Amino acid sequence: MLSFPDTYDIGMSNHAMKIIYEMLDTAPGVIVDRAYIPGDDYARLSKELSCPLTSLNYRLPALEFDVIGFTLEYELNFSNVLYFLDLACIPLLSADRREGHPIIISGGSACVNPEPMADFIDVFFIGDGEPMVPEIVAAVKNSREKGLSRAETIAELSRIEGAYVPAFYEPVFDGFSQTGVNIKKAGAPVKATMREAKDLDACFHPTHFPVPNFETIFNRGMVEIARGCKHACRFCQAGFIYRPYRERSLGVIKNIIREVFLNTGYSEFTLSSLSATDHANLREIIDYVAGLNKSGEEFSETLFSVSLPSQRISTFSVELARALSTNRKSGLTFAPEAGSQLMRDRINKNVTGEDLFATAGAAIDAGYRLIKLYFMIGLPYETDDDLREMASLVSKVMDIAREKRAKTFAINVTFSTFIPKPHTPFQWAAQTGEDEIKRRQSLLKEELKRFRSVTMKFTNYRVSALESAFARGSRLLGKVLLAAHKLGCRFDAWDDKLKSGLWERAFSESGIDMKNYISRPFSTDEILPWQIVDTGVATAYLKTEYLKAASAELTEKCDPARCKRCGVC
Amino acid sequence: MEEIILQVWYKKKGIIKYTSHRDLINTFYIAMGRLALPVVYTEGFSKKPKIAFAPPLPLGVASNCEFANIHFKKPLKLTIDEIREKLNRSFPDGYEFYEAKETTGAEIREMMAKIYGVKYSYKLEFETTAEIDAGRITSAVLSRVASISSEKEIIVSHNEKNKDIRPYILECGVSGKPSETNGGCEIELSAVIAFKDMSTIRPQFLFDYLLADIRGKVLFTYDIIKEKILY
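Right, let's talk about the overall build of chain A for a bit. Each helix and strand in chain A was counted, giving 19 helices and 19 strands. The dimensions of chain A, computed from C-alpha atoms along their principal axes, are 70 × 60 × 55 Å. By the burial criterion, 57% of the 569 residues in chain A qualify as buried. Within chain A, counting contacts between residues at least 6 apart in sequence, those at least 24 apart form 74% of the total. Summed over its atoms, the accessible surface of chain A is roughly 22500 Å², and 51% of this surface lies on carbon and sulfur atoms. Each charge class in chain A was averaged separately, 69 positive and 73 negative side chains, and the resulting centres sit 3 Å apart.

Shown next as structure tokens:
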């Protein structure tokens, strides 16, 4: 059983779930189904009527599956895994599970620091799932054929490259600081190595995935054109953990698009990647989609459209904006992240204000009347001047729209709060405190209030703080999660459902000061809980990058052909 | 551009009845892609396949008589029956396309103008208890059915507004004989609800009125099925 620990409408479109679901669905001798977290009313009734959680299609109780896999891509979904297990009547703690209980596994980007969830997950699979899925299937099948016990099956699974069985390791603490790790199982590797799918063309891409019958988020044909990112923005976890940058080739992408359309009926495609505009053949891909309705095939004359999740400002061309606008116009999203050039250099976001103005101008010329901008506040070394420059960037884009007489032009700006993430150069940095973040948010509101067509959105600090705590948390946070679950914390990623008060209580009941994981800068010499995972990027490289942020020194884009700096290639 | 309008008639039954009209529209749009036929697009900013839908079916109500008018580009490479078959293959379980025919804008307008009502059936299954047996349940429901013709008005409250539903109830009666089952009883009702100038009421309103005397006292399951459009 595969589960995305949120409601169906949120989890349905998750790309990783689609990949693994279809791989398992076509694997001989495997029955796979999906499950999501039900709404409160359903959950309440299923508790009252003692009906354990079932899978979506076959309506089989979760308890009856051999393996349950959770996709964990966001720290604020952690509490929902406990909620899911509870609804499914499966013991929450890995240590409490007995023969006959499903083996609980997990993968996804939030597993690069598996420690906060270590008490609840039997085996983590860290890295790209495609090469691991057939090996997991083989290990479980072999174990069943040989009549192995649950513990023996877990041991078999642990041999897979990328696997991490937390029960084999015991972290050692001095107060809240981790001072080491004892390996409890003979033969267990010192570190879990992140698994990498070397050739994206050889990787499975789903083309027959289920289409929802009611509205879900991202209800479109998703085509993953690249994995990883060439750029090395110092705050960005995905940019470091998905190294090296890998592209799917044009021919393979064309086939996928065609197959996705014929099998699902989606005529609107999202070209998914961390920085779609870096793809060497992006223009050709867009032209291919645009030309499908003149292809002379039986489906020709269908209207196709393309959207890109986020466009890199520096490489986005006027030509591309025009090519996109020949189809249905979806919004354009750009992420300058920081206001001043100094700050953008510190975070290694290799773009200039001029790049943004030229791109915005081109988008307006191409007929776009809405641009979304993403900024981050609370970055290391940020000053009020940097914030004022953020406002000034937005103001200049509005000026450009005025000059071009784009009367209905509007900007949606999202200001998120910086969260130091594991396996990035900023993993050692402290998160800025609540009062200071609120002051900076007010400053921005004041600076931009004169624009009626600028809509500002700020992320809730409490959400960011919790995310930060669990992103850099140690195994000690397991008891906080358990306490929070007992208090009723769930759906923490939902603004209206996050119960900050209960979380505070869970931390204090567990005797843990949340600030230890949030506002304390970590020393570059200390042992970090997530160092149990080896992403391939050398810690020394991350330290160098952290120092370069202080001196606002830029690092060039990844080029696997000539660069061996970070240790991945 | 020459176009051909196909009027397709379909059933919407089973679990899919819990999807809304808006979701139904999206299901059609995506299924049009799987159909791989040259469909006509609307001329708006955001172009969509040109399909006119029947008035929305209330959420949770099944139907044996839904229709939609789909505009295709001429010439069609498939026969109308082949398209109907393809629609059945392209749609999720619960949809069944049982008829497709060529129509014109004038015919559609004429048909819409003639519609005067919709026939619904209500299938009710009750669990009897020590306090309320099958006889009491049946008489409670049947006396409500019988009272409709003598009522001048029937006020139901919905979204904090009161509405008189009596003018909309053209017919209401019992279909067949109520039957007793193991530990319960079944009653099947039918009703014709007026549809005039695009105005009608939800079939649940009548259902609420009919069950007013026993609601909360017995456990029951129900199915409301839209059986026929009358024109």
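From this point, things continue past the structure.
Residue and element names in this part refer to chain A. Taking strand neighbours across the sheet as the criterion, the three strands line up as β10-β13-β14 in an open arrangement whose pairing is parallel. The sheet terminates laterally at β10 (221-224) and β14 (305-307), the two strands that pair on one side only. For this sheet, the mean inter-axis angle between neighbouring strands, taken without regard to orientation, is 30°. Its contacts with the sheet put helix α8 (residues 250-264) on β10 and β13 (268-272), and the angle it makes with β10 is roughly 165°.

Bringing the pattern of salt bridges into the picture now. Residues and elements named next belong to chain A. Tallied over the entire structure, the rule returns 44 salt bridges over all chains. The residue R195 makes a salt bridge to E161 at a minimum N-O spacing of 3.8 Å. Here R195 is found in the loop between β9 (192-193) and β10, whereas its partner E161 is found in the loop between α6 (150-158) and β6 (163-164), with 34 residues between them in sequence. Residues E434 and R462 are paired through a salt bridge, measuring 3.0 Å at the closest nitrogen-oxygen approach.

This part takes up empty space enclosed by the protein. Residue and element names in this part refer to chain A. Enumeration over the complete set of coordinates arrives at eight cavities of 30 Å³ or more. Counted as a void, the largest cavity has a volume near 100 Å³. The wall of the largest cavity is formed by 14 residues, among which R243, C558, C563, C566 and C569 lie closest to the centre. In terms of residue class, the lining of the largest cavity is built from nine nonpolar, one polar and four charged.

What follows concerns the environment of P206 of chain A. Residue and element names in this part refer to chain A. Along the chain, the position of P206 falls in the loop between β9 and β10. Given the relative accessible area of 0%, P206 is considered buried. Distance in space between the C-alpha atoms of P206 and Y21 is 8.6 Å, their sequence separation being 185 residues. If we skip the residues at most four places from it in the chain, P206 touches H15, K18, I19, E22 and V260.

Rules behind the numbers
Residues numbered from 1 in each chain as written. Chains lettered and ligands numbered in written order. Predicted model: local features only at pLDDT ≥ 70, side-chain atom pairs only at ≥ 80, totals over all residues. Heavy atoms only, no water. Helix = DSSP H or I, 4+ residues; strand = E, 2+ residues; numbered from the N terminus. Buried < 20%, exposed > 50% of the residue type's maximum accessible area, 1.4 Å probe, protein only. Contact = heavy atoms within 4.5 Å. Areas by Shrake-Rupley, 256 points an atom, 1.4 Å probe, with all protein chains shown as cover. Lys, Arg positive; Asp, Glu negative; His and termini not counted. Charge placed at Lys NZ, Arg CZ, Asp CG, Glu CD. Pairing = 2+ DSSP bridges. Axes fitted to C-alpha atoms, helices over the stretch in contact; angles between N-to-C directions. Salt bridge = Lys/Arg side-chain N within 4 Å of Asp/Glu carboxyl O. 1 Å grid on protein atoms, 1.4 Å probe; cavity = no way out; pocket = protein on both sides within 12 Å on 5 of 7 lines; lining within 4 Å. Points joined across faces, edges and corners; volume = space filled by probe spheres on them. Nonpolar A, V, L, I, M, F, W, Y, C, P; charged D, E, K, R; others polar.

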